[in-house]
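Secondary and tertiary structure notes
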Amino acid sequence: MSVNVLQAQRNLYTKGFLDLPVPEKHQLVSEIERLKKDRNAVIMAHYYQAPEIQDIADFLGDSLYLARAAENISADMIVFAGVHFMAETAKIINPSKKVVLPDLHAGCSLADSCPPDQFRAFKEKYPGAVVVSYINCSAEIKTMSDVVCTSTNAVKVIESIPDDKQIIFAPDKNLGKYLIKKTNRPMILWEGSCIVHEAFSFEKILELTKQHPNAKFIAHPESESQILDFAHFIGSTSALLRFAQEDDSDSYIVATEAGILHEMQKKSPHKTFIPAPVDDDTCACSECAFMKLNNLEKLYLCMEHQSPEIVLKQEVIESAMLPIQRMLRLG
Ligand code: 13P
Ligand code: SF4
């Protein structure tokens, strides 16, 4: 969807939609469950959603899990409790379904840091290069990509590209730098980043590890190099979750969006999870303001009114689908 079309949709959405009536707080969960049946809908949620949304989801996971699951959904409507690029990806993979996003303003700083026009000009400077795009980008960037990856399978995707090929990696420079080290493969990086993973304070993390000498420090690869070099373990949200479950320590300092702590605590109730501190004095941990725009009221409204819907041009769906399918076929 072009930036202007999305903005026009957002303006329409803001005008009055959120003022429509919603049930009392204590009835919201049962009303959402009712709407799932009435509308033949499923709720997909990323680990960065608020706990009450994670608990009501039919599919809960990281970006790769959600993309894979979306491909096989047979329900009529996919309610995507995540951000815009994730809902767009679900629509691209399973275009016959109605895909709705509870808050159309739920964007992503990383996706926004890669405007399609600028990326097209950048790509033209390297004819013949293979474009690997991190799934955290707009549908238009996907149409310009050869293969998509997520933080779970990025190493595998890079290693699948023949050695004699130049690679452009976009849009996350931090993940890109990490992958260059990990795969020993030079890549041309787009200079985008995630505001949430760039907010961690190395000094405060150092201080915290002194206060908790037995805690392991684990981090998402969207974080900056200095943070990653200090980590005991680096991985996608699902990899961090699995590590915390299988590892024998009893406490962890976690450098990714704090929403993941809900599932970590559920999977390992006897362990302690501490969110890594950020450089900002206004909040203690790192939360994605875009992810947290979704709430139960908006979830109810978008299911009741089957709106706001993700609408993409057929040609965008067709060409963005190819690099996503290439990724999914890699297993
Ligand atoms: P994963 O879901 O691949 O861990 O990525 C995290 C993220 O930033 C989603 O916005
Ligand atoms: Fe985007 Fe970062 Fe939020 Fe993920 S956590 S949606 S990458 S801004």
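We now turn to the structure provided with this report. (Residues numbered from 1 in each chain as written. Chains lettered and ligands numbered in written order. Predicted model: local features only at pLDDT ≥ 70, side-chain atom pairs only at ≥ 80, totals over all residues. Heavy atoms only, no water.)

What about the pattern of salt bridges?
One pass over the structure, following the stated rule, counts 16 salt bridges. Across the pair R34 and D38 runs a salt bridge, and its minimum N-O distance is 2.7 Å. Of the two residues, R34 and D38 are both situated in helix α2 (residues 25–38); the distance of 4 residues between them amounts to about one turn of the helix. Residue R34 is classed as partly exposed on the basis of its relative accessible area of 32%. Residue classification places D38 among the partly exposed residues on the basis of a relative accessible area of 47%. A salt bridge links R185 to D163; the shortest N-O distance between them is 4.0 Å. (Salt bridge = Lys/Arg side-chain N within 4 Å of Asp/Glu carboxyl O. Helix = DSSP H or I, 4+ residues; strand = E, 2+ residues; numbered from the N terminus. Buried < 20%, exposed > 50% of the residue type's maximum accessible area, 1.4 Å probe, protein only.)

Focus on the site of ligand 1
For ligand 1, the set of nearby residues contains 13 residues, the closest of which are H46, S63, S151, E222 and T237. Within the contact set of ligand 1, an oxygen atom lies 2.7 Å away from a side-chain nitrogen or oxygen of H46. Residue S151 places a side-chain N or O atom 2.6 Å away from an oxygen atom belonging to ligand 1. Mapping ligand 1 onto the cavity grids shows that it belongs to the largest cavity. Split into classes, the residues belonging to the shell around ligand 1 amount to 4 nonpolar, 7 polar and 2 charged. (Near = heavy atom within 4 Å. Polar contact = N/O pair within 3.5 Å; in protein donor to acceptor, adjacent residues only side chain to side chain. 1 Å grid on protein atoms, 1.4 Å probe; cavity = no way out; pocket = protein on both sides within 12 Å on 5 of 7 lines; lining within 4 Å. Sits in = over half its atoms within 2 Å of the grid points. Nonpolar A, V, L, I, M, F, W, Y, C, P; charged D, E, K, R; others polar.)

Focus: helix α5 (residues 84–93)
For α5, the tally of buried residues reaches 10 of 10 residues, placing the bulk of the element in the interior. Looking at α5, one finds that the buried residues are H84, F85, M86, A87, E88, T89, A90, K91, I92 and I93.

Thoughts on the site of ligand 2
In the region of ligand 2, the neighbouring residues are Y48, V83, C108, S109, N136, C194, V196, E222, C288, F290 and M291. Applying the majority rule of atoms within 2 Å of the grid points places ligand 2 in the largest cavity. For the shell around ligand 2, the class distribution of residues is 8 nonpolar, 2 polar and 1 charged.

Considering the sheet that holds strand β11 (residues 251–255)
Read from one edge to the other, the open sheet built from 4 strands follows the order β10-β9-β11-β12, with strand pairing classed as parallel. Strands with a single pairing partner mark the edges of an open sheet, and in this sheet they are β10 (233–234) and β12 (272–275). Summarising the sheet, strand β9 (residues 216–219) and β11 pair through 4 bridges and their orientation is parallel. For F217, the partnering residue across the bridge sits in β11 and is I253. (Pairing = 2+ DSSP bridges.)

Section: the sheet that holds strand β6 (residues 147–149)
Taken in spatial order, the 4 strands line up as β6-β5-β7-β8 in an open sheet, and their pairing is parallel. The open sheet has two free edges, formed respectively by β6 and β8 (188–189), since each of these has just one partner strand. Bridging between strand β7 (residues 167–170) and β8 involves 2 bridges; their strand directions are parallel. Each bridged residue has a counterpart across the sheet, and for F169 the counterpart in β8 is L189.

Some words on the packing of aromatic side chains
All chains considered together, the criterion is met by 9 aromatic pairs. Ring plane angle 85° and centroid distance 5.0 Å describe the contact between F122 and W190, whose orientation is recorded as edge-to-face. Of the two residues, F122 sits in helix α7 (residues 116–124) while W190 sits in the loop between β8 and α11 (202–211), which places them 68 residues apart along the sequence. W190 sits in the buried class, given a relative accessible area of 10%. Through pairs of rings, three or more aromatic residues link up here, namely F119, F122, Y126 and W190. (Phe/Tyr/Trp six-rings, centres within 6.5 Å; stacked < 30°, edge-to-face > 60°.)

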